[in-house]
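Observations on chain architecture
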Amino acid sequence: MQDAVLAMLAKEPSHGYDLRTRLRQSLGPLGESMNPGQIYVTLARLEKAGLVVCERADGLPERPERKVYALTPAGQQRVAAWLTEVGWPKPDLAEFHLKLVAAAAARLADPMQLVAAQRRELLRRLREAQHAALAEPAGSAAALLLEGVVLRLQADLRWLDACERAWSKVDDESEGA
Amino acid sequence: MNVSSAVVRAHGLVKQHGRGQGRVRAVDDVDLEVPEGQMLAVMGPSGCGKSTLLHLLGGLERPSDGEVWLAGQRIDTLGERALARLRRRSVGFVFQAFHLVEELSAAENVELPALLAGRSPREARRRAHSLLERVGLDARARHLPSQLSGGQRQRVAIARALVNDPLVVMADEPTGNLDTAATLDALRIFEDLRAAGQTLVIVTHDERVAATADRLVSMRDGMFVDDTRLAGTGTGWLGGLIGPED
Amino acid sequence: MGPIVLTVRLVLADVRRHKAQAAMLLLAVTVATATMALGLSLRGVSDALYEQTRAATAGPDVVALSGDSGPAVTSALASLADAPEVIAHHGPYRIVYAELTTRDSISSPVVVQGFAETPGAVNRPLVTSGRWVRSGGTVLERGFATALGVGVGDRVTVAGRSYPVVGIAVTAATSIYPWAAQIGPGGGPSDYSGLAWMTRSDARTLASSHDLPVTSALDLKLRDPAATEAFLDAHRASTVTNFRSWRFTAEQDMVILRDSQPILVVGSWLLGFLAVTGVAALAAGRAVEQTRRAGLLKAVGATPGLIATVLLTEYLALALAGDALGLVIARLTVPIIASPTASRIGDAAGPGGATVAAATVLAVAVGVLSTLRPTLRAMRTATVTALTATAHQPRHRPWLTALSALLPTPLLLGLRLTARRPGRAVLQACSTATTVIAIVALLTLYAQPERGYGLGGSSALPNLRDVHDRRLLLAITVLLIALAVVNTITLTWTTAMEARANMAIARALGATPGQISAGLSVAQLLPGLPGAVIGVPLGVGLLSLFSAGNPAEPPSSWLIGAVLATLLATAALTALPARLAARLPVAQTLNAETA
């Protein structure tokens, strides 16, 4: 989140309120749980780290107390470094996979039922993401983000199908033996 | 359960193809009730019998065994003619391959079921135009299917399915031939229909289509293996994706 | 060599795959060429039979006839025999005009010729059964005897006196039955008459006992038969004498076939036309497959020339096979068709070179015309397009679609189906029109007043020429109707198969099987209606081209009946394929279209 806020300041110095609005627009429903103060907490931390500076703007009569944040040279370097990073969130499938293996080995639970339960959960999430995507106006930045969420969930659901096929085969073989 | 509230009901439904050794049970002892206003998705891999199930529920095919009820009327015992009349008024079909009549314009395609149902040409035209407007294609009413994109064709097909105010819309892989944008357009229309209280049965292998439904039935080898209620179980999970720092 | 083997192999494979189509083309061409060959062979066969009879009976080159009798006439005739060109003669002999009645009470005018008991050098009638005349017995001309149903040993009554029939014979000196009289009493017109021979004295007795009209005749053999006309010109001044040259008699034989020839030739055109429509309908139904096959061949490197060769070879080979078969059939049936009376003997020669050529041209025309469109299309279509070919896309017809929306469902479906394939509608209209033309011709022929060969026009002895014509036209009409029936069924089925997807959609949308099959029938009836209506004036017009004088027109109720019957028959014929097509399972058809 810190990197994103820094990058948003690279265009021009901004008010904290503007930054929050732009973030909400880009994130859509994903940004709903951000509380209003969160952006200021982030900015305060960045200021403390010497990556941004805060200037008091010429107070408008109706918004007297607004501050304008701008990048420091160190902040600019940090943005440049962030943009060249090629990191990617890890697909976190290993845990569920191990859960299935362990459950089957110790006969703690039926892997098929675990898969089914997991699928139901993912489908509910997919439904939520899909409805949110449908609610977005065409061409919004948030819609694109939601599309990504939907596609990942779809990929996960297909992996669950693969799990189901594999484990049902294991079931059949053990029954046959 | 209250029988009268179920628009579609099936009991012990079986459909066999072939005979003897080569006999395949495409649908194998299925029970189902779809209450009015529900959007039901039937999901499963290709060949699991979901399309056959849809054809049985919509009266396009007859079951080998079991009962099918539509709006309180048992239909598996009806003759071809009675089934046709029933489809005319009560069922709107949407197909993966669209199945539009190629030499008829969009509006003429939408009018066709209305004319078959004995509506006047004027009334049929009025309905066609209002439905094409609803699916956002009023400007293309005079286009031939060959002049429309896949997504537009499917929207014409959906409009056609709705022209006789059917009790239930049955869609067979409606997004199977569509790209992502067109799929979203189609899903938006289904969502509008759902919101308007239209009963829908959608057969699909596309998770995102299935996920928009109120209820999801999973099919394997002609049987139901799961029946999940998706509606009203919102978790607020999306908002949690980007939580407070640390 | 390679391309030829490939062509043959491809042609054989295609014929094997489409047996019904190949059989239909073969049959249609066979029927059409057989009919045409028959029509064109009639004159040659008639001439050949005359020639053989003439050779077998020492037929005279000239028969001199006098409308009177008596010593003066006899001597005038006899003087002709002294002419320097004459090398042999027979007569003069008596011709007595009488009435003959059989035991079955069939009466006919008869001319009795008084002949010597020992035949002379010229005009020796060939006895085909029994024996030659003797005192008190009569010999009947074979055509006459056959019409009367009389044989050797029967008795006939001539001018009130009973005679045993002692023999049956043929002669080339007179025209075939019923034109044996050649000249009437006093040189006037003659009735339809049969011919009988008696001994000279019997003939004289017959004439004198009842005071019957008598004329005289003299048969002449010339030194140079080719100079017959010159001889006639030199002696025409003689007013007491009429001459019949052998050529005239041979020509007279053709009178009985006067209408048969146009019936057969025009009939063969119509049959050929129906063959083209029928085979074109089948070919059109296969157009997609054919185009795809051509595309496949192109894709593996075949030249457009080879593709055209394969397509054309198949149709031409079948057409030529049909041609050969038709010529054989014509050869086998021509004696019956070309000789409706039994007055001539001999074998019919095979169809002449010109006839074979004409029939072959017809066969080739049918083969080429019925495959021209698919061949050209297959050649022109680009390879890739051809491989992915779907049926030729019907045109959008907003006006017709809007019009059909006003109609009840079967008409709505029918009109739209007709509009999908206008070419096929034209084929159906042509097919119907052709059928109606034939029916109109048949009705007109049956509407003609019938004048039998019996006494006073009695039909106890049927008019052989009319009977023959009616039989021929009936046969042609039956063949035409059979082809039209096949065409209608084919057109309905191809229409149904091509519109299969649309019909399945309509059924999914709630059209009943009954509405679908009614729609398919309507789709054939719509073009059939104008076809049937146009067929009436076309049939009348065609007849007026070929019929002499003013033929009686059939009552208009017959014509209206024919049109209605044709349409009813069309509706009935379309019903079966339409019902079958309407009962194809919807879901499977829709699935198949997706694949």
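Every value quoted in this text rests on a predicted model; they were computed, and no experiment measured them. The numbers attached to residues start from 1 for each chain and follow its sequence in the written order. Chains and ligands are labelled by the order in which they are written, letters from A for the one and numbers from 1 for the other. Reporting of local features is limited, given that this is a predicted model, to residues whose pLDDT is at least 70; pairs of side-chain atoms are given and counted only at 80 or more, and all residues count toward the totals for whole chains, interfaces and linings.

Moving on, we get to the overall build of chain B. Secondary structure elements follow DSSP: runs of H or I of four or more residues count as helices, runs of E of two or more count as strands, with numbering from the N terminus. Along chain B, the regular secondary structure elements total seven helices and 10 strands. Over its C-alpha trace chain B gives a radius of gyration of 19 Å, about what one expects of a compact globule, namely 18 Å for 246 residues. Overall, chain B is about 65 × 45 × 35 Å in size when its C-alpha atoms are taken along their principal axes. Buried means a residue has 20 or more other C-beta atoms within 10 Å of its own C-beta, exposed means 12 or fewer, and partly exposed covers the counts in between; C-beta atoms are placed from the backbone. Residues classed as buried in chain B amount to 52% of the 246 residues present. Look at the contacts in chain B between residues 6 or more apart in sequence, and 68% of them connect residues 24 or more apart. For the radius of gyration, the atom set is restricted to C-alpha positions; the globular benchmark scales as 2.2 Å times the number of residues to the power 0.38. Throughout, a residue-residue contact means that the two C-beta atoms, derived from backbone geometry, are no farther apart than 7 Å.

For the rest of this paragraph, the subject is the overall build of chain A. In terms of helices and strands, chain A carries seven helices and three strands. Listed N to C, the secondary structure of chain A is α-β-α-α-β-β-α-α-α-α in terms of helices and strands. For 177 residues, the compact-globule formula gives about 16 Å, and the C-alpha radius of gyration of chain A, at 23 Å, lies well above that figure. Per-residue burial for chain A yields a buried fraction of 26% across its 177 residues. Within chain A, contacts between residues separated by at least 24 positions form 59% of all contacts whose residues are at least 6 apart in sequence.

Our focus in this paragraph is the interface of chain B and chain C. On the chain C side, the residues contacting the 29 residues of chain B number 27 residues. Those elements giving two or more residues to the side of chain B that touches chain C turn out to be α2 (80-90), α3 (106-116) and α4 (121-134) of chain B. Ten residues, namely Ala, Val, Leu, Ile, Met, Phe, Trp, Tyr, Cys and Pro, are considered nonpolar, four, namely Asp, Glu, Lys and Arg, are considered charged, and the remaining ones, Gly among them, are considered polar. Tallied by class, residues from the side of chain B that touches chain C come to 15 nonpolar, four polar and 10 charged.

Note: strands within a sheet are paired through backbone hydrogen bonds, in either parallel or antiparallel orientation. Residue and element names in this part refer to chain B. A strand pair is defined by DSSP finding two or more bridges across the two strands. One open sheet accounts for six strands, arranged β6-β7-β8-β3-β9-β10; its pairing is mixed. In this open sheet, the two edge strands, each paired with only one partner strand, are β6 (91-94) and β10 (223-229). Between one strand axis and the next, the sheet turns by 15° as a mean value, whatever way the strands run. Across six bridges, strand β9 (residues 215-220) lies against β10 in antiparallel orientation. Lines fitted to C-alpha atoms define the axes here, with helix axes fitted over just the stretch in contact, and angles between the N-to-C directions of these axes take values from 0 to 180 degrees.

Another point: the nonpolar core. The biggest cluster of nonpolar side chains holds 141 residues, and the ones touching the most others in it are Leu25(C), Ala28(C), Ala64(C), Val96(C), Val112(C), Ala196(C) and Ala275(C). Per-element tally for this core: the top contributor is helix α2 (residues 19-56) of chain C, with 19 residues. Ignoring anything within four residues of it in the chain, the contact list for Val96(C) reads Val111(C), Val112(C), Ala203(C), Leu206(C), Ala207(C), Leu212(C) and Val214(C). Counting residues in hydrophobic clusters, the runner-up holds 125 residues, among them Leu114(A), Leu104(B), Leu112(B) and Ala405(C). One nonpolar core equals one set of buried Ala, Val, Leu, Ile, Met, Phe, Trp, Tyr and Cys residues connected by C-beta atoms within 7 Å.

Looking now at the packing of helix α14 (residues 409-420) of chain C against helix α18 (residues 513-546) of chain C. All names here are of chain C. Where α14 meets α18, the closest approach of the two axes is 7 Å, and the angle between their N-to-C directions is 50°. As summarised for this structure, α14 and α18 are arranged oblique, according to the angle between their axes. In the packing of α14 onto α18, the handedness of the crossing is right-handed. Judged by residue contacts, Thr 409, Pro 410, Leu 411, Leu 413, Gly 414, Leu 415, Leu 417 and Thr 418 of α14 engage Gln 515, Ile 516, Ala 518, Gly 519, Leu 520, Val 522, Ala 523, Leu 526 and Pro 527 from α18. When its residues are assigned to classes, the contact of α14 with α18 shows 12 nonpolar, five polar and no charged. The cut-offs work like this: below 35 degrees is roughly parallel, past 145 is roughly antiparallel, 65 to 115 is roughly perpendicular, and the gaps in between are oblique. For any pair of crossing helices, the crossing counts as left-handed if the nearer helix is rotated counterclockwise from the farther one by less than a right angle, and right-handed if it is rotated clockwise.

Residue and element names in this part refer to chain B. Alternating residues of β6 divide into Val 91 and Phe 93 and Gly 92 and Val 94, and every residue in both groups is buried. Relative to strand β7 (residues 168-172), β6 runs parallel, the two sharing four bridges. Along β7, the bridge assignment pairs Gly 92 with Val 169.

Attention shifts here to the sheet that holds strand β3 (residues 67-71) of chain A. All names here are of chain A. What the three strands build is an open sheet, ordered β1-β3-β2; its pairing is antiparallel. Single-partner strands in this sheet number two, and they are β1 (14-15) and β2 (52-56). Pairing of β2 with β3, which is carried by five bridges, proceeds in the antiparallel orientation. Residue pairing across strands places Cys 54 opposite Tyr 69, the latter belonging to β3. Here helix α1 (residues 2-9) sits on the sheet in contact with β1, β2 and β3, set at roughly 95° to β3.

Glancing now at helix α2 (residues 16-27) of chain A. Residue and element names in this part refer to chain A. For a helix, the expected span equals 1.5 Å multiplied by the number of residues minus one. Here α2 spans 17 Å end to end across 12 residues, near enough to the 16 Å set by a 1.5 Å rise per residue. For α2, the full list of buried residues reads Gly 16, Arg 20, Leu 23 and Leu 27. Down the axis of α2, the sector holding all buried residues measures 65°, keeping them to one side. Within two residues after α2, Gly 28 carries a phi angle of roughly 60°, on the positive side. The arc in question is formed by the directions pointing from the helix axis toward the C-beta atoms.

This part takes up the domain arrangement of chain A. Residues and elements named next belong to chain A. What the domain assignment reports for chain A is domain 1 (2-84) and domain 2 (94-176). Summarising the inter-unit geometry, the C-alpha centres of domain 1 and domain 2 are found 37 Å apart. Looking at the side of domain 1 that touches domain 2, its residues break down into three nonpolar, three polar and no charged. Residue ranges assigned to the domains are those given by an automatic or database domain assignment.

Okay, the confidence of the model for chain B next. Residue and element names in this part refer to chain B. Values of pLDDT, ranging from 0 to 100, describe the predictor's confidence in every residue of the model. Confidence in the prediction for chain B averages 88 pLDDT; 94% of positions are at 70 or higher. The least confident element of chain B, judged by mean pLDDT, is β10 at 88; the most confident is β7 at 95. Taken over the whole predicted complex, pTM reads 0.79, whereas the ipTM for its chain interfaces reads 0.89.

Quick look at the environment of Thr249(C) now. Residue and element names in this part refer to chain C. Here Thr 249 shows up in helix α7 (residues 246-253). The exposure class of Thr 249 is buried, given the 24 C-beta atoms found within 10 Å. Through-space distance from the C-alpha of Thr 249 to that of Leu 100 is 24 Å; in sequence the pair is 149 residues apart. Once residues lying within four places of it in the same chain are set aside, the contact partners of Thr 249 are Ala 172, Thr 174, Ser 175 and Arg 244.

Another aspect to go through is unusual backbone geometry. Across the junction of Tyr177(C) and Pro178(C), the peptide omega takes the value 10°, indicating a cis bond. Relative to the elements of secondary structure, Pro178(C) occurs in the loop between β7 (161-170) and β8 (194-199). Backbone geometry at Arg107(A) places phi at a positive 50°, although glycine is not the residue there. Locating Arg107(A) in the fold gives a position in the loop between α5 (94-105) and α6 (111-135). With 7 C-beta atoms packed within 10 Å, Arg107(A) lands in the exposed category. In this structure, Asp221(B) takes a positive phi of about 50° despite not being glycine. Along the chain, Asp221(B) turns up in the loop between β9 and β10.

A separate point is the pairing of strand β1 (residues 6-17) of chain B. Residues and elements named next belong to chain B. Judged from the nine bridges that link them, β1 and strand β2 (residues 24-35) form a sheet pairing that is antiparallel. The residue of β2 that forms the bridge with Ala 6 is Pro 35. Counted along the chain from β1 to the antiparallel partner β2, the turn is six residues long, and its residue Gly 18 has a positive phi close to 75°. As paired elements, β1 and strand β4 (residues 65-70) share five bridges and run antiparallel to each other. Opposite Val 8, over in β4, you have Leu 70 as the bridge partner.

Turning our eyes to something else, we now look at the interface of chain A and chain B. Each partner contributes residues to the interface: chain A has 27 residues there, and chain B has 24 residues. Sorting the residues of the side of chain A that touches chain B by element identifies α3 (38-48), α6 and α7 (141-176) of chain A as the ones contributing at least two each. For the side of chain A that touches chain B, the element with the highest residue contribution is α6(A), accounting for 13 residues. Of the residues that constitute the side of chain A that touches chain B, the class distribution is 14 nonpolar, seven polar and six charged.

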